Amino acid sequence: VDVLLKAVGDTPIMKTKKWAVERTRTIQGLVDFIKKFLKLMASEQLFIYVNQSFAPSPDQEVGTLYECFGSDGKLVLHYCKSQAWG
Amino acid sequence: MTDDKDVLRDVWFGRIPTCFTLYQDEITEREAEPYYLLLPRISYLTLVTDKVKKHFQKVMRQEEVSEIWFEYEGTPLKWHYPIGLLFDLHASNTALPWSITVHFKNFPEKDLLHCHSKDVIEAHFMACIKEADALKHKSQVINEMQKKDHKQLWMGLQNDKFEQFWAINRKLMEYPPEESGFRYIPFRIYQATTERPFIQKLFRPIASGGQLHTLGDLLKDVCPSAIAPEDGEQKTQVMIHGIEPMLETPIQWLSEHMSYPDNFLHISIIPRPTD
């Protein structure tokens, strides 16, 4: 599944934005990956949003989100260190 | 229609008689008596078990107590799934009361999410409502609401106030006059026997010719193994809120009347009991 990661607010921007992710990868798995990549502390919070409208549950699979909310062959996810869309 | 409103009430007020027992390896100062409680099907375990926690903490030493978690026959129960779904999926054809084991140690990190406060439950609940509206209305209805309306949905659930909840939720169940239903139906299909957590896909309530899609149509499309072959016997039960709706029921009607407060249809596919 192709995922495009977009930073929100003053959150650091990932140098590589497009990633191929296995369908069964969870949101929590993705959060851990982004935190490592951006060299954030494990204790820092990172919020992920779909369609700039909701934050999926950490155990939700990326494949399911892609099927329901993907467009043009990719799933766009916004990430933020603070709550952006509640 | 009066009949339809009754369904909303029946769904809201559904209860499951439950017996909570402390896990035998927990260290107690006195014997721990089991605790009985009627659990609302539409709510979440960590939202309605404050009394259970207090009851068992009374017989334990302070240092032995950390985050509470629940288990049924060895399976950790996900608090972020509605109680009715957990029961239908794991225990629907067993004798009542539902026997749940309470733990305070060895939190199963791989299976359960943490729930440190009611705020976590509220955030999860609202995220589900928003996801459902993204499917039904491209998020237009939920985004047009004010923050106090969102709060009212949560307070209605938390305080078991049917009217308060539905005063706002009814707006999430409407659709434009030129349409015959929602854009897509928010649903999740769970099977205790598979590896996948649940099936969720895009599914339109209305066919291109204008006919209403049914529950049977949905299952044929996303989970064909749930429907028996024409000549074979039905090996599974398709359960929502403890009942098996007829497969001919329009999915739009089911979405409007039998969704959980999070606006999702949580459907369990379980083995049919052989007796």
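Please read these numbers as outputs of a predicted model, since none were measured by experiment.

> Any chance you could break down the pattern of salt bridges for me, citing the residues and the numbers?
Note on pairing: side chains with opposite charge can pair once their charged atoms come close. One pass over the full model with this rule turns up 13 salt bridges over all chains. For A:K81, the salt bridge goes to A:E44, with nearest N and O atoms at 3.5 Å. Taken together, the residues A:K81 in the segment after β4 (75-80) and A:E44 in the loop between α1 (27-37) and β3 (47-50) connect sequence positions 37 residues apart. Accessibility expressed as a relative area gives 26% for A:E44, which makes it partly exposed. B:D149 is the partner of B:K148 in a salt bridge, and the nearest nitrogen-oxygen pair spans 3.9 Å. Here B:K148 falls in the exposed class, since its relative accessible area comes to 57%. A relative accessible area of 9% places B:D149 in the buried class.

> Tell me about the nonpolar core, and name the residues and values.
Within the largest apolar cluster, 76 residues are counted, with the highest numbers of intra-cluster contacts made by B:F20, B:L45, B:W98, B:V102, B:F125, B:I189 and B:L265. Top contributing element to this core by residue count: helix α4 (residues 83-91) of chain B, with six residues. If sequence neighbours within four positions are ignored, B:F125 has contacts with B:Y44, B:L153, B:W154, B:L157, B:F165, B:P261 and B:D262. By size, the runner-up hydrophobic cluster in this structure holds 27 residues, among which are A:L5, A:M14, B:C128 and B:F264.

> Explain the confidence of the model for chain A residue by residue, including any values.
In this model, chain A carries a mean pLDDT of 92, and residues with pLDDT of at least 70 account for 99%. The element-level mean pLDDT for chain A is lowest in α1(A), coming to 93, with helix α2 (residues 62-69) of chain A highest at 97.

> Let's hear about the interface of chain B and chain A: which residues, and what values?
Contacts between chain B and chain A engage 16 residues on the former and 15 residues on the latter. Summed over both partners, the interface of chain B with chain A comes to about 1,300 Å²; 57% of that surface belongs to carbon and sulfur atoms. Counting across the chain B and chain A interface gives zero salt bridges. Inspection of the chain B/chain A interface yields two residue pairs in polar contact (both at pLDDT 80 or more). Tallying contributions element by element places helix α5 (residues 118-137) of chain B first for the side of chain B that touches chain A, with six residues. In terms of residue class, the side of chain B that touches chain A is made up of seven nonpolar, four polar and five charged.

Conventions adopted
- Residues numbered from 1 in each chain as written.
- Chains lettered and ligands numbered in written order.
- Predicted model: local features only at pLDDT ≥ 70, side-chain atom pairs only at ≥ 80, totals over all residues.
- Heavy atoms only, no water.
- Salt bridge = Lys/Arg side-chain N within 4 Å of Asp/Glu carboxyl O.
- Helix = DSSP H or I, 4+ residues; strand = E, 2+ residues; numbered from the N terminus.
- Buried < 20%, exposed > 50% of the residue type's maximum accessible area, 1.4 Å probe, protein only.
- Core = buried A, V, L, I, M, F, W, Y, C linked by side-chain atoms within 4.5 Å.
- Contact = heavy atoms within 4.5 Å.
- pLDDT = per-residue confidence, 0-100.
- Buried area = accessible area lost by both parts, 1.4 Å probe.
- Polar contact = N/O pair within 3.5 Å; in protein donor to acceptor, adjacent residues only side chain to side chain.
- Nonpolar A, V, L, I, M, F, W, Y, C, P; charged D, E, K, R; others polar.

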